[in-house]
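# A structural walkthrough
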Amino acid sequence: TDSEVVLVALNRWGIDRALAKFNGMWAFAWFHERDRKLYLARDRAGVKPLNYTLINGELLFSSEIKALLEMAEEKFSLNYQVVGEYLYQSLIESTSDTFFNEVKKIPPAHYGVMDLSCDQAKLKLKRYWSPPVAMNEAVNLELLIEEVRELFIDSVRLRLRSDVPVGVLLSGGVDSSA
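Residues numbered from 1 in each chain as written. Predicted model: local features only at pLDDT ≥ 70, side-chain atom pairs only at ≥ 80, totals over all residues. Heavy atoms only, no water.

## With respect to the pattern of salt bridges
The final tally for this structure, using the stated rule, is eight salt bridges. When the shortest N-O distance is used, the salt bridge between Glu93 and Arg42 registers 3.1 Å. Remark: Arg42 occurs in strand 2 (residues 37-42) and Glu93 occurs in the loop between helix 3 (80-89) and strand 5 (104-105); sequence separation between them is 51 residues. Judged by relative accessible area, which is 39%, Glu93 ranks as partly exposed. With a relative accessible area of 1%, Arg42 lands in the buried category. Lys104 is the salt-bridge partner of Asp97, the closest N and O atoms lying 2.7 Å from each other. A residue is classified by how much of its surface remains accessible, and Asp97, at 26% relative accessible area, is partly exposed. Overall, Lys104 belongs to the partly exposed group, its relative accessible area being 26%. Shared partners join several salt bridges into a network, and the residues in it are Arg42, Glu93 and Lys105. (Salt bridge = Lys/Arg side-chain N within 4 Å of Asp/Glu carboxyl O. Helix = DSSP H or I, 4+ residues; strand = E, 2+ residues; numbered from the N terminus. Buried < 20%, exposed > 50% of the residue type's maximum accessible area, 1.4 Å probe, protein only.)

Listed below in structure tokens is the structure:
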């Protein structure tokens, strides 16, 4: 399964080399027992959410904020800046902040690491990927179109891998993404 492949990759290559090889959308937590470190990682584009909060020396994390609200034994205060950005400009995911001051998101293309051998609970964020920088040089439009076409076809091919029959629907994002 995907989980088995992820675990083998993390154990074999470590977090940085494994994340450099991963392709797709995912979020996960990994406890590396030998180093006594907990890793929270999120995919490059930030498709899969991963929220966390540090309360009274405890790290709580979940893909949905409502789970954190249930786990925490206190109420969170509203982050009016984020709420306002959403209401006035439909902005969401523009920062690692959430609607609640106490809840943060692991940013896209980042992982957080917590050293469990330390007395103080602290999550240190690290970027593992950045989009390539565009060059100011002459480009061949036909080559660029072909490259995007090949990347698109490869992306669809990767997502069609399955052990069960696959169904395809219009309006599944593929048509509008193309």
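Once the structure has been displayed, the description carries forward.
## A short note on the pairing of strand 1 (residues 27-32)
On strand 1, burial follows the alternation: Phe28, Trp30 and His32 on one face are buried, whereas Ala27, Ala29 and Phe31 on the facing-out side are not. Linking strand 1 to strand 2, which pair antiparallel, is a turn of four residues; within it Arg36 sits at a positive phi near 55°. (Pairing = 2+ DSSP bridges.)

## A short note on the confidence of the model for the protein
Residues of the protein with pLDDT of at least 70 account for 92%, and the chain-wide mean is 89. When the elements of the protein are averaged for pLDDT, helix 5 (residues 174-177) gives the smallest value, 56, and strand 6 (residues 110-115) the largest, 98. (pLDDT = per-residue confidence, 0-100.)

## A short note on the pairing of strand 2
Summarising burial for strand 2: five of the six residues are buried, a large majority. Relative to strand 2, strand 1 runs antiparallel, the two sharing six bridges. Opposite Phe28, over in strand 2, you have Ala41 as the bridge partner. As paired strands, strand 2 and strand 6 are joined by five bridges and run antiparallel to one another. Each bridged residue has a counterpart across the sheet, and for Lys37 the counterpart in strand 6 is Asp115.

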